[in-house]
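For reference, the chains in residue letters:
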Amino acid sequence: MRDPNSFASYFNFAQVNWNNLWSATVETVWMTLLSLVFVFIFGIILGLLLFETTGKHTAGAVILNKLTAIFVNIFRSIPFIILIVLLIPLTKKMTGTIIGPRAAIPSLIISAAPFYARMVEIGFHEIDAGVIEAAEAMGASRLQIMWKVLIPESLPAIVSGITVTGISLIGYTAMAGVIGAGGLGNLAYQDGFQANQNAVTLTATVVILIVVFIFQAIGDFAVRKIDKRAIA
Amino acid sequence: MIEFKDVSKIYHTRQNTINAVDHVSLKIQDSEIFGIVGYSGAGKSTLVRLINNLERPTSGSVYIDDVDMTTLNGKALRTMRQNIGMIFQHFNLLWSRTVRDNIELPLELKGLNKAQRQQKADELIDLVGLKGRETAYPSELSGGQKQRVGIARALANDPKILLCDEATSALDPATTEEVLELLLKINQQLHITMVVITHEMHVVRKICQNMAVMDTGKIVEQGAVLDIFRHPQADLTKEFVQEEVNPEKDDTKVIVSQLLEQVPDGLILKLTFHGEQAKLPIISEMLKRFPGIELNIIEGNIHQTQGGALGNLYLQLVGEQTLLTQGVAFLNTMRVDTEVIRNA
Ligand SMILES: Nc1ncnc2c1ncn2[C@@H]1O[C@H](COP(=O)(O)OP(=O)(O)OP(=O)(O)O)[C@@H](O)[C@H]1O
Ligand SMILES: [Mg+2]
């Protein structure tokens, strides 16, 4: 028990300040959900843009498609920890601070939205072209097709995509925590690692896992409820 | 009226250019069921999609009641499309919507309110015989039921035209019959012009008044279904008619050639009856007049078409040569199409 690095030290739960743990959990969930809302909106818009401009031959569509694709591919490829540092000046302008949960939101959105947009686009491409053609033959406008056909018919992909994205966002918030964004990542790093309190690190880990599992369970349940393609 | 005026559609692919529709001119009258047959890749789907402008022609025009569809764009085109229903081989229903909601989709697109949509959907569910299945999802329906939903959906906007692209090709024979009966009923009740695309002659025979035969983008033959069944001109048409009217042709061929060998001085006749003639006692009349003729029946069949009954009869006549010639002449005066088969 004396050695702060012993195996047993992981279970010295006296070190855990449950109030701090609770507020860190709330911060993590809050950061994740808030950024997820924006990721959802931007992701669907970008996904629609990608889908609608793919395979078209008009100059406008080709340029729009290329621009969107470049934007999506660049921001999807930048490692999150680098992106957050890169965006510090922007973050400061937008939120007035570079520490705390609010400061993490812009980076979280910018890194996850392109990732999600690709998943949404794939979902749209999985829709049978005949169904879209049927809507066209009924006299549907492009917007009506998006709203009444594309989104409802790819809803399982949209929802399972947002679940996966949400889970990687939880991971990102933990990384953001290390550079001062608060939440469970911050708790594990500062109160756990730097203060040599392994029990805090372990507890933070377990709570993150629980949050992830709950997220996954909700997502899976929603997909099962929505998906009417197979006979129930 | 739907009118194609010298319409061509050319696709350019990386390897070659495809004349999917090649200088087609065609008129389809109001309230008729018009059939277009052809083998896979003949350009039937492309042709029918030119009608509602899902494809734009490379050259030529498609008129619907004097409106040139090829000049329409945007809102005008969408409004026009609301008057043209379409059903598909694979139904193309939205899996995310119930039967009722699928049928209401065109009405939603048009902006009708809930009460109006419900009333119309109820009527249509009744018409296509899906009462009790309103809240089912497409995955819970059989193929025939799915096509009924497709038909109801296509009729939601009270269209003047219904386009059917291989509407029964994914269905078994019994279900095909049911769906064809339903289409006939709709045509008779609502007087909707129907364009029926198919590779099955059977479908055309059963419900169409007029037809065209398509081969590699071209219309090789067109006319009344009954005429085409009686006197097919193009080789392709003969093939289609033969398949439908006399699928056991090979059997008949064998029997005919055997008989020709055994009784070389006999005559093998193929008689084609149609309409009212099929009911007249023509054969017994001939035997009464020429008692010296002996008769064998080789093969016979009768088919129902929209233009009336159509029958084929293969006979062998044996007797004195002059008598046989007189017999055939008599049959000809009865205006039965008589063909002497010398060797099959
Ligand atoms: N979008 C397209 N791009 C290139 N070629 C096409 C396209 N659509 C159709 N074609 C070609 O045009 C020809 C006619 O196709 P179409 O689908 O009209 O035939 P079909 O008679 O309906 O055949 P099926 O009975 O198999 O449905 C085919 O050779 C096809 O490969
Ligand atoms: Mg086709």
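Here the structure is a predicted model, which means the values were calculated and not measured.

(A) Spotlight on the sheet that holds strand β9 (residues 210-215) of chain B. Residue and element names in this part refer to chain B. Pairing is mixed in the open sheet, where six strands are placed in the order β6-β7-β8-β3-β9-β10. In the strand order of this sheet, the two ends are held by β6 (84-88) and β10 (218-224), each with one partner. Averaged over all pairs of adjacent strands, the angle between their axes in this sheet comes to 15°, without regard to strand direction. For strand β7 (residues 161-165) and strand β8 (residues 193-198), the ladder comprises five bridges, and the chain directions are parallel. Bridge pairing links L162 to M194 in β8.

(B) Just a nonpolar patch on the surface, in detail. Residues and elements named next belong to chain A. A cluster of nonpolar side chains, namely W22, V26, W30, L34, V37, F38, F40, I41, F42 and I45, defines an oily patch on the protein surface of about 950 Å² accessible area. By secondary structure assignment, the location of F40 is in helix α1 (residues 18-53). The exposure class of F40 is partly exposed, given its relative accessible area of 36%.

(C) Quick peek at the UniProt feature "domain: ABC transmembrane type-1" (unreviewed entry) in chain A. This chain's UniProt record puts "domain: ABC transmembrane type-1" (unreviewed entry) on residues 25-219 of chain A. Secondary structure across residues 25-219 of chain A comprises 87% helix and 0% strand; the distance between its end C-alpha atoms is 20 Å.

(D) Geometry of the UniProt feature "transmembrane region" (unreviewed entry) in chain A. Residues and elements named next belong to chain A. Taking the UniProt record as the reference, the feature "transmembrane region" (unreviewed entry) is found at residues 29-51, 63-88, 94-117, 155-179 and 199-223. Annotation note: span residues 29-51, helix share 100%, strand share 0%, distance between end C-alpha atoms 31 Å. As a span, residues 199-223 carries 100% helix and 0% strand, and end to end its C-alpha atoms are 36 Å apart.

(E) Inspection of the UniProt feature "domain: ABC transporter" (unreviewed entry) in chain B at higher detail. According to UniProt, the positions carrying the feature "domain: ABC transporter" (unreviewed entry) are residues 2-241 of chain B. The distance from the first to the last C-alpha atom of residues 2-241 of chain B is 26 Å, and the span holds 39% helix and 27% strand.

(F) The arrangement of the interface of chain A and chain B in detail. On the chain B side, the residues contacting the 24 residues of chain A number 22 residues. Between chain A and chain B lies a buried interface of about 2100 Å² when both sides are counted; carbon and sulfur atoms form 61% of it. When residues of chain A are sorted by the area they lose upon contact with chain B, A:M138, A:K148 and A:K228 head the list and together hold 30% of the total. Note that A:K148 and B:E108 form a salt bridge whose closest N and O atoms lie 2.7 Å from each other. Across the chain A-chain B interface, the total number found is eight residue pairs in polar contact (both at pLDDT 80 or more). Listed by contribution, the elements that provide at least two residues to the side of chain A that touches chain B are α6 (129-137) and α7 (142-153) of chain A. A breakdown of the residues in the side of chain A that touches chain B according to their chemical character gives twelve nonpolar, four polar and eight charged.

(G) Molecular detail of the site of ligand 1. Residue and element names in this part refer to chain B. Near ligand 1 there are 13 residues, and of these S40, G41, K44, S45 and T46 occur at the shortest range. G41 has a polar backbone atom sitting 2.8 Å from an oxygen atom of ligand 1. Here an oxygen atom of ligand 1 and a side-chain polar atom of T46 are 2.5 Å apart. Burial of ligand 1 by the protein amounts to 62% of the accessible area it has alone, namely 630 Å². Where the shell around ligand 1 is concerned, the elements lending two or more residues are β2 (17-28) and α1 (44-51).

(H) Geometry of the domain arrangement of chain B. All names here are of chain B. Looking at the assigned domains, one finds that chain B contains domain 1 (2-245) and domain 2 (249-342). For domain 1 versus domain 2, the separation of C-alpha centres amounts to 39 Å. On the side of domain 2, 14 residues touch domain 1, which itself brings 13 residues to the contact. Here domain 1 packs against domain 2, burying approximately 1100 Å² in sum over the two surfaces, 56% of which is carbon and sulfur. For the interface between domain 1 and domain 2, the tally reads one salt bridge. D337 serves as the salt-bridge partner of R230, at 3.9 Å between the closest nitrogen and oxygen. Across the contact surface, domain 1 and domain 2 share zero residue pairs in polar contact (both at pLDDT 80 or more). The set of elements that each furnish at least two residues to the side of domain 1 that touches domain 2 consists of α7 (201-207), α8 (225-230) and α9 (235-245).

(I) The sheet that holds strand β11 (residues 267-274) of chain B, seen in detail. Residues and elements named next belong to chain B. Spatial ordering of the open sheet is given by β12-β13-β11-β14, a layout of four strands whose pairing is antiparallel. Single-partner strands in this sheet number two, and they are β12 (294-305) and β14 (337-341). For this sheet, the mean inter-axis angle between neighbouring strands, taken without regard to orientation, is 15°. As judged from the eleven bridges shared by β12 and strand β13 (residues 308-318), these two strands associate in the antiparallel manner. Its bridge partner lying in β13, I302 is registered against G311.

Quick notes on the rules
Residues numbered from 1 in each chain as written. Chains lettered and ligands numbered in written order. Predicted model: local features only at pLDDT ≥ 70, side-chain atom pairs only at ≥ 80, totals over all residues. Heavy atoms only, no water. Pairing = 2+ DSSP bridges. Helix = DSSP H or I, 4+ residues; strand = E, 2+ residues; numbered from the N terminus. Axes fitted to C-alpha atoms, helices over the stretch in contact; angles between N-to-C directions. Patch = residues over 30% accessible without salt bridge, like charges linked within 9 Å, V, L, I, M, F, W, Y side chains within 5 Å. Areas by Shrake-Rupley, 256 points an atom, 1.4 Å probe, with all protein chains shown as cover. Salt bridge = Lys/Arg side-chain N within 4 Å of Asp/Glu carboxyl O. Buried < 20%, exposed > 50% of the residue type's maximum accessible area, 1.4 Å probe, protein only. UniProt positions renumbered as here; feature names shortened; annotations may be inferred. Contact = heavy atoms within 4.5 Å. Buried area = accessible area lost by both parts, 1.4 Å probe. Polar contact = N/O pair within 3.5 Å; in protein donor to acceptor, adjacent residues only side chain to side chain. Nonpolar A, V, L, I, M, F, W, Y, C, P; charged D, E, K, R; others polar. Near = heavy atom within 4 Å. Domains from an automatic or database assignment.

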